[in-house]
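Chain and residue survey
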Amino acid sequence: MPDTVSIGTLTQAASAKPAPLAAVNDFVVKFANVNGSGSASANGLFAKSIIRMGVPVAARNIFPSNIQGLPTWYEVRVSGAGHLGRRGGVDLAVPLNPQTWDDDVKEISPGGYLFYDSTKPLPASKFRDDIYVIGVPLTAICNEAYKIPRERQLFKNICYVGALSWLINIDPAVIEQLLKEEFAAKPKLIPANLAAFNLGRDYAQKHLKPIGLQLQKSDAVGNRIFVEGNAAAALGAVYGGATVCAWYPITPSTSLAEAFTGYCEDFRMNPDGSNNFAIVQCEDEIASIGVVVGAGWNGARSFTCTSGPGISLMNEFIGLSYFAEIPAVIFDVQRGGPSTGMPTRTQQSDLLLAAYASHGDTKHPLLLPADPGECFTMGAQAFDLSDRLQTTVFVMLDLDIGMQEWLVEPFQWDDKRQIDRGKVMTAEMLEAGTFFGRYTDVDGDGIPFRTYPGTHPDKGAYFTRGTSRNRMAGYSEKGVDYQDNMERLLKKFHTAATLVPGPITREAKKKTRIGAIYFGSTTPAMHEALEALEAAGHHINAMRVRAFPFSQDVYDFIHAHDEICVVEQNRDAQLRSLLMIEGGIDASHLTSILHYDGTPITARFLFDAIGKRLEARKATRQVTSKADKQ
Amino acid sequence: MTYILKPKLHHPSLPKNELGFTRRDYEGRVSTLCAGCGHDSISAAIIQSAWELGIEPHRLAKMSGIGCSSKTPDYFLGQSHGFNSVHGRMPSVLTGANLANRDLIYLGVSGDGDSASIGLGQFAHSIRRGVNMSYIVENNGVYGLTKGQFSATSDKGSKSKKGIENTESGIDLVALALQLGATYVGRSFSGDKDQLVPLIKGALSHHGPAFIDVISPCVAFNNHAGSTKSFDYVREHNEAVNRLDVILGRTPITADYRPGEVREVTQHDGSTLRLRKLHTDYDATDKIGAANYLQERHAEGEIVTGLLYVDPEATDLHDRLGTTAKPLNQLGTSDLTPGADALAKINASLR
């Protein structure tokens, strides 16, 4: 069957009813549900069953700031080619929430499919002429099969998965296996769920034909794992040696602290039942970062996880960590906001806030993971970096990475790897007479030695202050001492640029003077768009930045191109600002491609936005060259 | 204040404690506070307490926020690590430091602005969390470094130096600490060293959140007629409920009081608090009685001082969290990193 839903073919003829979409292992299904109706586990089962068939899936839960009643969506992108970003558009809609019916139906691509609960007849005006409608009387089926209202609701969810499994060819054996694993602890639920699944599947088999969107077993998933970024970052913190976690609940970072708690219970308990960790849920974000700074000062690896509003509250302490040179790790799971609502949507809008957090002249390293796999590696690395640099290190997730499950390569760990505590002066070194000046740059990298409290009876103690001290940590209000210290801190920041993860470049197939820079959760959609743009004749060298401060490679890349598209998911072009501020790049050199409506950026959006920009550029150059000839 | 460097030399015949340290070994830099400041008396009492208890200076960490009181950790225990942190946030920093290494003694020094105004939340939560610490508030009812504004512990009706009357209710940190679950609660007066030194010694040997409110008149901005935190006012209204001696576990206890006059309370670390009762009906282990007594005497305009409450069976945050006995900051890679095999199992569970 031909692949008709590639992202490069966006327009369809509007007059005659288009042919039904037909594709194998390449389509988008979108469920619309009511929050709290139990649909999440059924939808998750749907996505996971496709992965078990070896077909890559990108699943995204779009949910409200609500426990029960408001609309929620679950978008499953099936991509045999392995594209894990959002594509844009919907090929098969499953609107099960009357509140959002009209919008959900509107979104379907011409020739696409509408699967709905046909128990109650709907007027023709509720449908569209250019799509294919499939009705299954889900409510009627379940009302007949179940007597308890809660069961009717819950099993209706599994029932539609059953019907869909027939329509798009999900292997029922895979479903059975997943249910067995899911309910291993409650085996009674296995046959009950399986029966509900078969209710839907049997009905569909009897009354309906499979649709044009079909699944075929594949081996494209390989040994990849399906995991959310918050859990991966929490696991990174465990492997990175974090022992103290202080936090305050805030969407979308809460599940990071909860996952850390779970992993610590699994891996950090001693045989006598005591814990090699301490987790405190604090009264607010200020106390959380205060605990982290106190623990870091005293030599324990500590972190907090939060989102933008939490960073706002933590600003004063982040500054203290910078000036007093105390290690701290902050996981910032970015979102929209303030208020409730947008906080359950994704954004990359805390870059400037985090990079320059606090009063005074400050700047902080940021790590920019692109997926849960990097949440794990960068989550662990952040602790080595913050100990080495004696400062706050941010790991900048966003809701799309943090709270969605992504298909990523399995986590890896080298057992030979040792925790790097950085420059810590020990009792032995002090006893041997090693020079100790708390704020003295002894190695030329701007990083001084520190001592942990309690190290030595009469050597190495010092008094910690934000500023107002000399190289020996003695109290000083002299301008020359302040300036000397600030220049060393800048040197340390330059050292940081050599230690943080470097950028990754993706060369175009043909030589080009156009470049693109992107980061974080934009990555998979960007890669897909770059492929499509290449196929459309637009050649672009691309660079994914993975950290701030930027290494020289980033500036070299920018200067090697005539124009750079900077792609980010915020309104104010914050990455572009950082490039301009820190690299002195001319504003006209950097074109912003911005997406900030709270939904994850799509490949179609990028194809369109970058494509238009390049077409316009081409047109301008043609005009210019004509003018030159005249 | 004085600005000359303090000489390190001291007379060879100065008495030494069991560790061989003289009192001078527990001093810090020269104070930069105003001459006659009550806070300097408190620093002296801390020095005396640590010397008498024979604390190894490097086994104590001194933490503070911002303000006159928070500057003082620089003026005592010069061989201890100190941390002058963020205004009103000493409690969270101390909590984190304590989590990192449960083996050190944590002394938090704060003021009434630092703890009752900007830091009231952190004061409250660190106490209810049960952090093992000695939390001393040097309470002068006024903002000194910004020159004389009322703080939240100023009594209603108290007058500022400019003659303005405070119209807002004062916060009694002792009453709050009791309610919040502090397991050692005392109040004293910076001018009463005999009462203050044993109170601090008891707090430093207590296992749990110990809180001491020390009324410490501000000679520059709050020591005038009409102030309820002046030396004269506090001396006139001070109502001590008991006198305390702290006897360490290793010292034999000798009884030299008449029965009924003395109550002995043994703490977890083996130290004994010997309370010489000044009010026969006051029982320092009765929390509700203590709270009632405080309110009654407050209504009479008295400032109740002494060891107001102690729970000798107190536990701390580490006990509640079940933290390992080894300090967290001393755990190494093998204690902390589960390894590649464990990771392979996690990977398998995510497919």
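All of these numbers come straight from a predicted model, not from anything done at the bench.

1. Comments concerning the overall build of chain B
In terms of regular secondary structure, chain B is built from 12 helices and 13 strands. Along the first, second and third principal axes, the C-alpha atoms of chain B reach 75 × 50 × 50 Å. Taken across its 351 residues, chain B has 57% of its residues classed as buried. Within chain B, residue pairs in contact and separated by at least 24 positions form 70% of the contacts whose partners lie at least 6 positions apart. Carbon and sulfur atoms make up 52% of the accessible area of chain B, which amounts to about 14100 Å² in all. Separation of charge centres in chain B, based on 36 positive and 38 negative side chains, amounts to 6 Å.

2. As for the sheet that holds strand E2 (residues 26-34) of chain A
Residues and elements named next belong to chain A. Strand order in the open sheet formed by six strands is E3-E4-E2-E5-E6-E7, with mixed pairing between adjacent strands. Each having just a single partner strand, strand E3 (57-62) and strand E7 (132-136) make up the two edges of the open sheet. With direction set aside, neighbouring strand axes in the sheet form an average angle of 15 degrees. Strand direction decides the pairing type here: E3 and strand E4 (residues 71-79), joined by six bridges, are antiparallel. The residue bridging Ala58 from the neighbouring strand is Arg77, located in E4.

3. Thoughts on the side chain of Asp192(B)
Residue and element names in this part refer to chain B. In this structure, Asp192 sits in the loop between strand E7 (184-189) and helix H7 (193-204). Take Asp192: its relative accessible area is 15%, and that puts it in the buried class. Discounting residues that sit within four places of it in the chain, Asp192 has contacts with Asn238 and Arg243.

4. Focus on the packing of helix H6 (residues 173-180) of chain B against helix H9 (residues 287-299) of chain B
Residues and elements named next belong to chain B. Axis separation between H6 and H9 bottoms out at 10 Å; the angle between their running directions is 160 degrees. Relative to H9, the element H6 lies roughly antiparallel. Judged by the sense of rotation from one axis to the other, the crossing of H6 with H9 is left-handed. Residues Val174, Ala175, Leu178 and Gln179 of H6 lie in contact with H9, whose contacting residues are Lys287, Ala290, Ala291, Leu294 and Gln295. Split by residue class, the contact of H6 with H9 holds six nonpolar, two polar and one charged.

5. What to know about the sheet that holds strand E10 (residues 242-247) of chain B
Residues and elements named next belong to chain B. Strand order in this open sheet of three strands is E10-E12-E11, and the pairing throughout is antiparallel. The sheet is open, and its two borders are formed by E10 and strand E11 (262-266), each paired with just one other strand. The average undirected angle you get between the axes of adjacent strands in this sheet is 20 degrees. Pairing analysis gives six bridges linking E10 to strand E12 (residues 272-277), with the strands arranged antiparallel.

6. Comments concerning the pairing of strand E8 (residues 209-215) of chain B
Residue and element names in this part refer to chain B. Among the seven residues that make up E8, seven are buried, leaving the element largely enclosed by the rest of the structure. Burial along E8 is two-sided: the residues Pro209, Phe211, Asp213 and Ile215 and Ala210, Ile212 and Val214 are all buried. Sheet topology note: the strand E4 (residues 133-139)/E8 ladder contains seven bridges and is parallel. Bridging across to E8, Ile136 finds its partner in Ile212. Here six bridges tie E7 to E8, and the two strands are oriented parallel to one another. Across the sheet, the residue bridging to Arg187 is Asp213, located in E8. For the segment spanning E7, H7 and E8, crossover handedness is right-handed.

7. Here we look at the interface of chain B and chain A
Counting from both sides, the interface comprises 54 residues of chain B and, opposite them, 68 residues of chain A. Carbon and sulfur atoms make up 61% of the area that chain B and chain A hide from each other, which totals about 4900 Å². Linking chain B with chain A are two salt bridges, by the criterion used here. Between Arg465(A) and Asp74(B) there is a salt bridge, with its nearest N and O atoms 2.6 Å apart. Where chain B packs against chain A, one counts 26 residue pairs in polar contact (both at pLDDT 80 or more). Looking at the side of chain B that touches chain A element by element, the count peaks at seven residues for helix H3 (residues 90-100) of chain B. Looking at the side of chain B that touches chain A residue by residue, the class counts come to 22 nonpolar, 24 polar and eight charged.

8. Some thoughts on the packing of H3(B) against helix H5 (residues 120-129) of chain B
Residue and element names in this part refer to chain B. Packing of H3 against H5 leaves a shortest axis separation of 8 Å and a crossing angle of 35 degrees. Contacts between H3 and H5 pair Met90, Pro91, Ser92 and Thr95 from the former with Gln122, Phe123 and Ser126 from the latter. Class assignment of the residues belonging to the contact of H3 with H5 gives a composition of three nonpolar, four polar and no charged.

9. Things to note about the nonpolar core
Soluble globular proteins tend to pack their nonpolar side chains together in the buried interior. Residues Ile517(A) and Tyr184(B) are the most contacted members of the largest nonpolar core, which totals 132 residues. Apart from residues lying up to four places away in sequence, Ile517(A) is in contact with Met543(A), Val545(A), Val554(A), Phe557(A), Ile558(A), Ile564(A), Cys565(A), Val566(A), Val567(A), Leu575(A) and Leu579(A). Within the second largest apolar cluster, 56 residues are counted, among which are Ala47(A), Leu84(A), Leu179(A) and Phe197(A).

10. Some details on the domain arrangement of chain A
All names here are of chain A. Entries for chain A in the domain assignment read domain 1 (23-214), domain 2 (230-408), domain 3 (427-499) and domain 4 (504-629). Once you take the C-alpha centre of each, domain 1 and domain 2 turn out to be 35 Å apart. At the junction of the two partners, domain 1 supplies 12 residues and domain 2 supplies 12 residues. Counting each side, the surface lost to burial between domain 1 and domain 2 is near 960 Å², with a carbon and sulfur contribution of 55%. Three residues, Arg60, Phe63 and Ser65, lead the burial of domain 1 against domain 2; their summed loss comes to 51% of the area buried on that side. Taking the shortest distance from any N to any O, the salt bridge between Arg60 and Asp400 comes out at 2.7 Å. Here domain 1 and domain 2 share four residue pairs in polar contact (both at pLDDT 80 or more) between them. With five residues, E3 is the largest single contributor of residues to the side of domain 1 that touches domain 2.

11. Describing the layout of surface pockets
Residue and element names in this part refer to chain A. Empty space within the second largest pocket amounts to approximately 860 Å³. Around the second largest pocket, the lining is made up of 32 residues, and of these Ala40, Ser41, Gly44, Leu45 and Glu182 lie nearest the centre. For the lining of the second largest pocket, the elements supplying multiple residues, two or more each, are helix H1 (39-52), E3, helix H4 (149-168), helix H5 (172-182), helix H6 (189-207) and strand E9 (225-228). Among the elements that take part in the lining of the second largest pocket, H1 stands out by supplying seven residues, more than any other.

12. A look at a nonpolar patch on the surface
Residues and elements named next belong to chain A. Together, Phe435, Val442 and Met472 give the surface a local cluster of nonpolar side chains, amounting to about 280 Å² of exposed area. For Met472, the position within the fold is in the loop between strand E17 (463-464) and helix H15 (479-499). For Met472, a relative accessible area of 46% corresponds to the partly exposed category.

13. Examining the environment of Asp74(B)
Note that Asp74(B) resides in the loop between helix H2 (68-71) and strand E2 (81-84). Since its relative accessible area comes to 9%, Asp74(B) is described here as buried. Spatially, the C-alpha atoms of Asp74(B) and Ser160(B) are 29 Å apart, while their sequence positions differ by 86 residues. Not counting residues up to four positions away in its chain, the partners in contact with Asp74(B) are Phe463(A), Arg465(A), Gly28(B) and Arg29(B). A polar side-chain atom of Asp74(B) sits 2.6 Å from a polar atom in the side chain of Arg465(A).

14. Considerations on the packing of aromatic side chains
Residue and element names in this part refer to chain A. Within the structure shown, the criterion is met by 29 aromatic pairs over all chains. Between the aromatic rings of Trp101 and Phe127, the centroid separation amounts to 5.8 Å while the plane-to-plane angle is 85 degrees, which identifies the pairing as edge-to-face. Of this pair, Trp101 sits in helix H2 (residues 101-106) while Phe127 is found in the loop between strand E6 (108-117) and E7, placing the two residues 26 residues apart along the sequence. Note on Trp101: relative accessible area 8%, which makes it buried. Residues Phe331 and Phe383 carry aromatic rings whose centres are separated by 6.5 Å and whose planes lie at 50 degrees to one another, so their mutual orientation is tilted. Remark: Phe383 occurs in helix H12 (residues 372-389) and Phe331 occurs in strand E13 (residues 328-334); sequence separation between them is 52 residues. Per residue, the accessibility class of Phe331 equals that of Phe383, and both read buried. One residue, Arg60, lies across the ring of Trp406, its end atom 5.3 Å from the ring centre.

Conventions used here
- Residues numbered from 1 in each chain as written.
- Chains lettered and ligands numbered in written order.
- Predicted model: local features only at pLDDT ≥ 70, side-chain atom pairs only at ≥ 80, totals over all residues.
- Heavy atoms only, no water.
- Helix = DSSP H or I, 4+ residues; strand = E, 2+ residues; numbered from the N terminus.
- Buried < 20%, exposed > 50% of the residue type's maximum accessible area, 1.4 Å probe, protein only.
- Contact = heavy atoms within 4.5 Å.
- Areas by Shrake-Rupley, 256 points an atom, 1.4 Å probe, with all protein chains shown as cover.
- Lys, Arg positive; Asp, Glu negative; His and termini not counted.
- Charge placed at Lys NZ, Arg CZ, Asp CG, Glu CD.
- Pairing = 2+ DSSP bridges.
- Axes fitted to C-alpha atoms, helices over the stretch in contact; angles between N-to-C directions.
- Parallel < 35°, antiparallel > 145°, perpendicular 65-115°, else oblique.
- Left-handed = near helix turned anticlockwise from the far one by under 90°.
- Nonpolar A, V, L, I, M, F, W, Y, C, P; charged D, E, K, R; others polar.
- Right-handed = clockwise from strand over helix to strand, strands pointing away.
- Buried area = accessible area lost by both parts, 1.4 Å probe.
- Salt bridge = Lys/Arg side-chain N within 4 Å of Asp/Glu carboxyl O.
- Polar contact = N/O pair within 3.5 Å; in protein donor to acceptor, adjacent residues only side chain to side chain.
- Core = buried A, V, L, I, M, F, W, Y, C linked by side-chain atoms within 4.5 Å.
- Domains from an automatic or database assignment.
- 1 Å grid on protein atoms, 1.4 Å probe; cavity = no way out; pocket = protein on both sides within 12 Å on 5 of 7 lines; lining within 4 Å.
- Points joined across faces, edges and corners; volume = space filled by probe spheres on them.
- Patch = residues over 30% accessible without salt bridge, like charges linked within 9 Å, V, L, I, M, F, W, Y side chains within 5 Å.
- Phe/Tyr/Trp six-rings, centres within 6.5 Å; stacked < 30°, edge-to-face > 60°.
- Lys NZ or Arg CZ within 6 Å of the ring centre and 35° of its normal.

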